[in-house]
Amino acid sequence: KNLIGAYKNLNRSSNVCVTEGTLDTIWLDQHDFCSVALLGRNMSERQAELLLNLRAQEIVLCLDNDEPGQSGLEKIQRKLEDRCFISRIRIPSGYKDVQDIRDPKLLREVILTRSVI
C-alpha cells in the first residue's frame, strides 16, 4: 500500500529509481538519486498509482540482481509499460543490489548507463 520515499520525491526529479528495500533507497538518496522503495519485489496497483503520481519523466527500475528481483522487474515492467517511460539498470556481477555498490563513481555509472526497456 505504501511507496517508501514517495513523499520526499514529489516533483523533485525528472526520474525516480525504484528499489526493493528501504536501505537501497536511502543509499541512492545519499548519492543524489531520487528513489522509492517497494518493500519487496512486487508492485501493487496502489504502489503503481503512487509512483505515477510523482510525475517523473522516467522510472528507473533498480531491483536486486538475483532471480526474484529480476522476476519482479519483469512483472513491474508489464504493469507500467503502457503508462510511463521505463528503464532499468544492470548491476555488475558480484553485487546483489545498489547498496552493495560502495564505490560512488561505479554507482553513478550504473545508474547513468541504464537501458531503456
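Quick notes on the rules
Position labels on residues start from 1 in each chain and follow its written sequence. Residues qualify for local features only when their pLDDT is at least 70, as the model is predicted, and side-chain atom pairs are given and counted only at 80 or more; totals for whole chains, interfaces and linings, by contrast, use all residues. Hydrogens and water are ignored here; the side-chain numbers use all heavy atoms of the structure. Strands are runs of DSSP state E lasting at least two residues, helices are runs of H or I lasting at least four, and both sets are numbered from the N terminus onward. Atoms counted for the radius of gyration: C-alpha only. Globule rule: 2.2 Å times the number of residues to the power 0.38. Buried residues are those whose accessible area, probed at 1.4 Å on protein chains only, stays under 20% of the maximum for their type, while exposed residues exceed 50% and partly exposed ones sit between those limits. Contacts: residue pairs with any heavy atoms within 4.5 Å of one another. Note on areas: these come from Shrake-Rupley sampling with a 1.4 Å probe, and a residue is covered only by the protein chains present in the view. Charge counting follows a simple rule: Lys and Arg are positive, Asp and Glu are negative, and His as well as the terminal groups are ignored. Working definition for charges: the position is that of NZ of Lys, CZ of Arg, CG of Asp or CD of Glu. When two rings of Phe, Tyr or Trp (its six-membered ring) have centres within 6.5 Å they constitute a pair, described as stacked for plane angles under 30 degrees, edge-to-face for angles over 60, and tilted for the intermediate range. Note on geometry: a ring has a charge over it if NZ (lysine) or CZ (arginine) is within 6 Å of the ring centre and within 35 degrees of the ring normal. A pairing counts as a salt bridge when a side-chain nitrogen of Lys or Arg comes within 4 Å of a carboxyl oxygen of Asp or Glu. Pairing between two strands is assigned when DSSP locates at least 2 bridges connecting them. A clockwise path from the first strand over the helix to the second, with the strands pointing away from the viewer, defines a right-handed crossover.

**A few points about the overall build of the chain**
If you tally the helices and strands in the chain, you get five helices and five strands. Helices and strands in the chain line up, N terminus first, as α-β-α-β-α-β-α-β-α-β. What you see for the chain is a C-alpha radius of gyration of 13 Å, in line with the 13 Å of a compact globule of 117 residues. Projected onto its principal axes, the C-alpha positions of the chain cover 30 × 30 × 25 Å. Every one of the 117 residues in the chain was classed for burial, and the buried ones make up 44%. Restricting the contact set of the chain to residue pairs at least 6 apart, pairs at least 24 apart contribute 67%. Roughly 6200 Å² of accessible area belongs to the chain as shown, and the carbon and sulfur atoms make up 47% of that amount. Taking the average place of the 17 positive charges on the side chains of the chain and the average place of its 17 negative ones, the gap between the two points comes to 4 Å.

**A look at the packing of aromatic side chains**
In the structure shown here, the tally under the stated rule is zero aromatic pairs. The positively charged end of Arg102 is found above the aromatic ring belonging to Trp27, 4.3 Å away from the centroid.

**Focus: the pattern of salt bridges**
Applying the stated criterion across every chain, the model contains six salt bridges. Close ionic contact of Arg114 with Glu58 constitutes a salt bridge, the shortest N to O distance being 2.6 Å. Residue Arg114 is located in the loop between α5 (104–112) and β5 (115–116), and its partner Glu58 is located in strand β3 (residues 58–61); the two are separated by 56 residues in the primary sequence. Using a relative accessible area of 12% as the deciding quantity, one classes Glu58 as buried. Glu74 is paired through a salt bridge with Arg88; the nearest N and O atoms lie 3.6 Å apart.

**Re the pairing of strand β1 (residues 15–19)**
Burial runs high along β1: five of the five residues are buried. Alignment of β1 against β3, held across four bridges, turns out to be parallel. What sits directly across from Val16, in β3, is Ile59. Relative to strand β2 (residues 35–37), β1 runs parallel, the two sharing three bridges. When the sheet's bridge partners are listed, Thr19 is paired in β2 with Ala37. Crossover connection from β1 via helix α2 (residues 22–30) to parallel β2: handedness right-handed.

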